[in-house]
Amino acid sequence: MTDPKTNKLYQLSVPLFLHYLNQLDELLSDMQLFAEEQGLSEAQLLAAKLADDMFPLGQQVSTAIGFSLRCCLPLAGQDIENFSPEVISYQSLQQQLHSSVRCLQQLKSEQFEQSTPSNISTQAGFAKLSLSPSEYLQQYMLPNFFFHYTMSYAILRQQGMPLSKQNFDGYHQYPAGFSF
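For every chain, the first residue of the written sequence is number 1, and numbering continues from 1 onward in sequence order. Selection of residues for local features in this predicted model requires a pLDDT of at least 70, selection of side-chain atom pairs for listing and counting requires 80 or more, and totals for whole chains, interfaces and linings are taken over all residues. Side-chain numbers here rest on the full set of heavy atoms in the structure, without hydrogens or water.

### Observations regarding the overall build of the chain
The helix count covers DSSP runs of H or I at least four residues long, the strand count covers runs of E at least two residues long, and both are numbered beginning at the N terminus. Secondary structure assignment for the chain yields seven helices and two strands. Going from the N terminus to the C terminus, the chain shows its helices and strands as α-α-α-α-α-β-β-α-α. Over its C-alpha atoms the chain spans a radius of gyration of 17 Å, differing by no more than 12% from the 16 Å that the globule rule assigns to 180 residues. Taken along the three principal axes of its C-alpha coordinates, the chain extends 55 × 35 × 25 Å. Three exposure classes are used, based on accessible area relative to the maximum for each residue type with a 1.4 Å probe and protein chains only: buried under 20%, partly exposed in between, and exposed over 50%. Within the chain, the proportion of its 180 residues that are buried is 41%. When contacts within the chain are restricted to residue pairs at least 6 apart in sequence, those whose partners lie at least 24 apart make up 70%. Summed over all atoms, the accessible surface of the chain reaches about 9900 Å², with 50% contributed by carbon and sulfur. Charge-centre separation for the chain: the mean point of 9 positive side chains lies 7 Å from the mean point of 16 negative side chains. Atoms considered for the radius of gyration are the C-alpha atoms alone. The globule rule reads 2.2 Å times the number of residues to the power 0.38. Contacts: residue pairs with any heavy atoms within 4.5 Å of one another. In short, Shrake-Rupley with a 1.4 Å probe defines the accessible areas, and a residue's cover is counted only from the protein chains shown. His is not counted, nor are the chain ends, whereas Lys and Arg count as positive and Asp and Glu as negative. In plain terms, the charge of a residue is placed at NZ if it is Lys, CZ if Arg, CG if Asp and CD if Glu.

### Looking at a nonpolar patch on the surface
Here the term patch refers to residues with relative accessible area over 30% and no salt bridge, with like charges joined within 9 Å and nonpolar side chains (Val, Leu, Ile, Met, Phe, Trp, Tyr) within 5 Å. The salt bridge criterion pairs a side-chain nitrogen of Lys or Arg with a carboxyl oxygen of Asp or Glu, the two atoms within 4 Å. On the surface, a cluster of nonpolar side chains totalling about 370 Å² of accessible area is made up of Tyr174, Phe178 and Phe180. Here Tyr174 falls in the partly exposed class, since its relative accessible area comes to 31%.

### Re the pairing of strand 1 (residues 120–124)
Pairing between strand 1 and strand 2 (residues 127–131): five bridges, direction antiparallel. Within the sheet, the bridge partner assigned to Gln123 lies in strand 2 and is Lys128. Note: two strands are recorded as paired if DSSP finds a minimum of 2 bridges between them.

### Observations regarding the nonpolar core
Generally speaking, soluble globular proteins have nonpolar side chains that are buried together. The set of buried Ala, Val, Leu, Ile, Met, Phe, Trp, Tyr and Cys residues whose side-chain atoms join them within 4.5 Å is what this entry labels a nonpolar core. Among the nonpolar cores identified, the biggest contains 48 residues, and Leu24, Met31 and Phe112 are the most heavily contacted of them. Of all the elements in the fold, those that place two or more residues in this core are helix 1 (4–38), helix 2 (42–46), helix 3 (57–75), helix 4 (90–105) and helix 6 (133–158). Per element, the largest residue contribution to this core is 12 residues, and it comes from helix 1. Excluding residues within four positions of it along the chain, Leu24 makes contact with Val61, Ala64, Ile65, Leu97 and Tyr149.

### Looking at helix 3
By this rule, a helix spans an expected 1.5 Å times one less than how many residues it contains. Taking 1.5 Å as the rise per residue, helix 3 with 19 residues should run 27 Å; its terminal C-alpha atoms sit 28 Å apart, in good agreement. For helix 3, the tally of buried residues reaches 17 of 19 residues, placing the bulk of the element in the interior. Residue Gly77 follows helix 3 closely and has a positive phi angle near 75°.

### With respect to the packing of aromatic side chains
Only Phe, Tyr and Trp rings are paired, with Trp represented by its six-membered ring, and only when their centres lie within 6.5 Å; those with planes under 30 degrees apart are stacked, over 60 edge-to-face, the remainder tilted. Under the defined criterion, the tally for this structure stands at 12 aromatic pairs. Between the aromatic rings of Phe145 and Phe146, the centroid separation amounts to 5.1 Å while the plane-to-plane angle is 80°, which identifies the pairing as edge-to-face. According to the relative accessible area criterion, Phe146 is partly exposed, its value standing at 23%. One aromatic cluster is present, formed by Phe17, Tyr20, Phe145, Phe146, Tyr149, Tyr153 and Phe168 through successive ring pairs.

### Looking at the environment of Lys49
Relative to the assigned elements, Lys49 resides in the loop between helix 2 and helix 3. Residues Lys49 and Ile155, 106 residues apart in the sequence, show an inter-C-alpha distance of 6.2 Å. Not counting residues up to four positions away in its chain, the partners in contact with Lys49 are Met54, Phe55, Pro56, Ile155 and Gln158. Throughout this description, a polar contact denotes any pair of N or O atoms lying within 3.5 Å of each other; where both atoms belong to protein, one of them has to be capable of donating a hydrogen while the other can accept it, and for residues adjacent in sequence the pair is counted only when both atoms sit in side chains. Polar contacts involving the side chain of Lys49 include one to the main-chain carbonyl oxygen of Asp52, which spans 3.1 Å.

### What about the packing of helix 3 against helix 6?
Running from N to C, helix 3 and helix 6 cross one another at 160°; their axes reach a closest spacing of 8 Å. Classed by the angle they form, the pair helix 3 and helix 6 counts as roughly antiparallel. Regarding helix 3 and helix 6, the two cross each other, and that crossing is left-handed. To get an axis, a line is fitted to the C-alpha atoms, and for a helix only the part in contact is used. The angle between two axes follows their N-to-C directions and goes from 0 to 180 degrees. For classification purposes, an angle smaller than 35 degrees is called roughly parallel, one larger than 145 roughly antiparallel, one from 65 to 115 roughly perpendicular, and anything else oblique. For any helix crossing, the convention is left-handed if the near helix is rotated counterclockwise from the far helix by under a right angle, and right-handed if that rotation is clockwise.

### Points about the packing of helix 3 against helix 4
Orientation of helix 3 relative to helix 4, taken along the N-to-C sense of each, is 15°, at an axis distance of 10 Å. As summarised for this structure, helix 3 and helix 4 are arranged roughly parallel, according to the angle between their axes. The hand of the helix 3/helix 4 crossing is left-handed. In contact with Gly58, Val61, Ser62, Ile65, Gly66, Ser68, Leu69, Cys72 and Leu73 of helix 3, helix 4 contributes Leu93, Gln96, Leu97, Ser100, Cys103 and Leu104. Three categories are distinguished: nonpolar for Ala, Val, Leu, Ile, Met, Phe, Trp, Tyr, Cys and Pro, charged for Asp, Glu, Lys and Arg, and polar for the others, with Gly belonging to the last. By residue class, the composition of the contact of helix 3 with helix 4 is nine nonpolar, six polar and no charged.

Next comes the structure, spelled out in structure tokens:
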């Protein structure tokens with residue numbers, strides 16, 4: 001019999017990450033065009049930061065993508081796959097993203113029902129954590145994914161890329177030139 005609590009972990013994770021990784025895929029394509037239009041090199045844009053002590057854009061994107069797998073694979077009882085590139089470029093980020101999407105698409109709800117451990121051990125910076133699956137998803141993984149996803153969006157906005165909530169969530173729509 002299906003355990004609705006475990007099935008809920010699948011429903012609250014895999015479809016959500018697939019949606020926002022699709023948005024991130026569009027941002028990657030748009031940022032490449034933006035850089036070309038603005039005469040920015042790939043290296044310049046990917047090295048842009050909000051503050052000196054923060055990850056640059058390329059690392060923010062890569063980290064957000066990585067959190068999707070760090071979240072879902074342990075919840076499905078699998079080892080974490082790491083598709084993070086050694087050298088960050090538009091192409092390597094797109095490869096990381098597409099590999100991660102394929103990995104997530106292969107996950108089935110049944111895996112979450114049958115294989116979710118009672119606690120998930122992970123590292124948060126220098127802290128070692130052991131969390132229940134729901135804490136792991138809701139209080140640790142989702143906030144971390146959205147932190148790095150939002151930082152990517154914010155850096156692009158800071159660099160002058162014309163983005164709206166539509167680019168962020170894929171749901172909002174505004175007429176051209178609209179602003180608050």
